Amino acid sequence: MSIIPLSARRPTVTEVTPQDIERCEALIRPHIRRTPVVALDGTEFGFLAKSLTLKLELLQHAGAFKTRGAFANLLARDVPKAGVVAASGGNHGAATAYAAMKLGKPARIYVPSVSSPAKVQRIRDYGADLVIEGERYADALAASEVWAQQSGAMPVHAFDQHETIMGQGTLGLELEQQAPDIDTVLVAVGGGGLIAGIAAWYGGRIKVIGVEPSAAPTLTRALAAGHPVDAEAGGLAADSLAPRRVGEHVYPIVAKYARGTVLVSDDAIADAQQTLWRALRVVAEPGGAAAFSALLSGAYKPAANERIAVVISGGNTTAVDFAR
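In this report, the structure presented in the accompanying data block is examined. (Residues numbered from 1 in each chain as written. Predicted model: local features only at pLDDT ≥ 70, side-chain atom pairs only at ≥ 80, totals over all residues. Heavy atoms only, no water.)

### Some points on the environment of Arg-245
- Within the secondary structure, Arg-245 is located in the loop between helix 9 (238-241) and helix 10 (250-257).
- Relative accessible area serves as the criterion here: at 33%, Arg-245 is assigned to the partly exposed category.
- Considered as a pair, Arg-245 and Gly-192 are 53 residues apart in the sequence and their alpha carbons are 9.2 Å apart.
- Here Pro-228 takes part through its backbone oxygen, which lies 3.1 Å from a polar atom of the side chain of Arg-245.
- Here the side chain of Arg-245 touches Asp-230 through a polar contact of 3.0 Å, side chain to side chain. (Helix = DSSP H or I, 4+ residues; strand = E, 2+ residues; numbered from the N terminus. Buried < 20%, exposed > 50% of the residue type's maximum accessible area, 1.4 Å probe, protein only. Polar contact = N/O pair within 3.5 Å; in protein donor to acceptor, adjacent residues only side chain to side chain.)

### Digging into helix 1 (residues 18-28)
- Among the residues of helix 1, those classed as buried are Asp-20, Ile-21, Cys-24, Glu-25 and Ile-28. For helix 1, the arc enclosing every buried residue in end-on projection is 135°, short of the 170-degree limit, so these residues lie on one face. More than 90 degrees from the buried face of helix 1, the exposed residues found are Arg-23 and Ala-26.
- Looking at the packing, one finds that the buried side of helix 1 touches helix 2 (66-76), helix 6 (162-178) and helix 7 (193-202). (Arc of directions from axis to C-beta. Contact = heavy atoms within 4.5 Å.)

### With respect to the pattern of salt bridges
- Applying the stated criterion across every chain, the model contains 15 salt bridges.
- For the salt bridge of Arg-245 with Asp-230, the shortest nitrogen-to-oxygen distance reads 3.0 Å. One end of the pair, Arg-245, is in the loop between helix 9 and helix 10; the other, Asp-230, is in the loop between helix 8 (218-225) and helix 9, and 15 residues separate them in sequence.
- Judged by its relative accessible area of 48%, Asp-230 falls in the partly exposed class. (Salt bridge = Lys/Arg side-chain N within 4 Å of Asp/Glu carboxyl O.)

### With respect to the sheet that holds strand 4 (residues 107-111)
- Ordered in space as 5-4-3-6, the four strands form an open sheet in which the pairing is parallel. Either end of the sheet is taken by a strand with one partner, and the two such strands are strand 5 (129-132) and strand 6 (154-155).
- Direction of pairing for strand 3 (residues 84-87) relative to strand 4: parallel, over a ladder of four bridges. Note that in strand 4 the partner of Val-84 across the bridge is Ala-107.
- Together, strand 3 and strand 4 form the strand contacts of helix 3 (residues 91-103), whose direction differs from that of strand 3 by roughly 165°. (Pairing = 2+ DSSP bridges. Axes fitted to C-alpha atoms, helices over the stretch in contact; angles between N-to-C directions.)

### Here's the deal with the packing of aromatic side chains
- Taken as a whole, this structure holds six aromatic pairs when the rule is applied.
- A centroid spacing of 5.8 Å and a plane angle of 25° characterise the contact between Phe-45 and Phe-47, whose relative ring orientation is stacked.
- A relative accessible area of 16% places Phe-45 in the buried class.
- Ring centres of Tyr-98 and Tyr-126 lie 5.3 Å apart, and the angle between their planes is 70°; on these two criteria the pair is classed as edge-to-face. One end of the pair, Tyr-98, is in helix 3; the other, Tyr-126, is in the loop between helix 4 (117-125) and strand 5, and 28 residues separate them in sequence. Just as Tyr-98 is buried, Tyr-126 falls in that class too.
- One aromatic cluster is present, formed by Phe-45, Phe-47 and Phe-292 through successive ring pairs.
- The positively charged end of Arg-108 is found above the aromatic ring belonging to Trp-147, 3.9 Å away from the centroid.
- Against the face of Trp-277 rests Arg-281, its NZ or CZ located 4.4 Å from the ring centre. (Phe/Tyr/Trp six-rings, centres within 6.5 Å; stacked < 30°, edge-to-face > 60°. Lys NZ or Arg CZ within 6 Å of the ring centre and 35° of its normal.)

### Overview of the environment of Ala-222
- If you trace the backbone, Ala-222 turns up in helix 8.
- For Ala-222 and Trp-277, which are 55 residues apart along the polypeptide, the C-alpha to C-alpha distance reads 33 Å.
- Non-local contacts of Ala-222, meaning those with residues more than four positions away in its chain, are made with His-227, Pro-228, Val-229, Val-246 and Tyr-251.

### Some details on the side chain of Thr-67
- Position of Thr-67 relative to the elements: it lies in helix 2.
- Classification of Thr-67 by relative accessible area gives buried; the value is 0%.
- The residues contacting Thr-67, other than those within four sequence positions of it, are Ile-32, Gln-60, His-61, Ala-62, Ala-95 and Tyr-98.

### Some remarks on the pairing of strand 4
- Among the five residues that make up strand 4, five are buried, leaving the element largely enclosed by the rest of the structure.
- Going residue by residue along strand 4, you find Ala-107, Ile-109 and Val-111 tucked away on one face and Arg-108 and Tyr-110 tucked away on the opposite face as well.
- As a crossover connection, the stretch from strand 3 through helix 3 into strand 4 is right-handed.
- Pairing of strand 4 with strand 5 involves four bridges; the strand directions are parallel. Looking at the pairing, Ile-109 lines up with Leu-130 of strand 5.
- Regarding topology, helix 4 serves as the crossover connection from strand 4 to the parallel strand 5, and that connection is right-handed. (Right-handed = clockwise from strand over helix to strand, strands pointing away.)

### Examining the sheet that holds strand 1 (residues 37-41)
- Strand order across the open sheet formed by six strands is 1-2-10-7-8-9, with mixed pairing between neighbours. Each of the sheet's edge strands pairs with one partner strand only, and the pair in question is strand 1 and strand 9 (260-264). Sheet twist, expressed as the mean angle between neighbouring strand axes with direction ignored, is 25°.
- Sheet analysis places strand 1 next to strand 2 (residues 51-56), joined by five bridges and oriented antiparallel.

Purely geometric numbers; function is a separate question.
This is the structure in structure tokens:
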């Protein structure tokens, strides 16, 4: 196992406390699903660790964990008459469009051309004004910022926003209630909102490990540098795990409370998708299967008695061939 350690530098943390997350959970609870967990014997998959828990967040409204942060933003902030605007690889856009639809607010969503057809269709189905801009998330984000200035719409950031992090942290709260004895949780990382929220909830009480594609190592590069830096932004999961740079608000939380990161290949992610389907009939998108791939590929090697939880974070895909 090769975990990329945290930098020695410990920056000042933009606090998101467990109390913040509890209050956020009470606010958004009427609008989100309490997604299930499934307890498995890890030896079925060749792991040393017998205790394996999957958190099936792909069953959340709009197909991914992002719905938690979207509702947190729209309910905790004053939404102007112009509505909301978001940039997204796809899942955050779908989640924001869904929350806006449910709350009766206008929404304009910018996505890059790498966004999957399943995610683009979700956004359209929820009635948002969809704009495809550029090739990568950074291009869509820049365009959304221009629109926010022109229109007065409220920006809803995909990961680097206090409310977004609090919303994603409710997944950690839920997971602890459902699986209180875990030692370690593996979480896929793009911009870092999910791992920051989960790490803030646990506050160092368990190991929180980030899993990133080798083609998009945003958090890994940040931890090596001691601050957010630009990284490669490609690979199979580019529509959900390739924002180019981890969030400025995300980074200090992760640097304080998470344990580090591991990197996985595109082949490992694809294999994890296939395995989830064959063994459990779970259809995960590449980003949603990334954390599980760390176990299957050996990027993360648990101890024999380690109790592992894995977040299956999204299922918005039509691009997986399960015929094999």
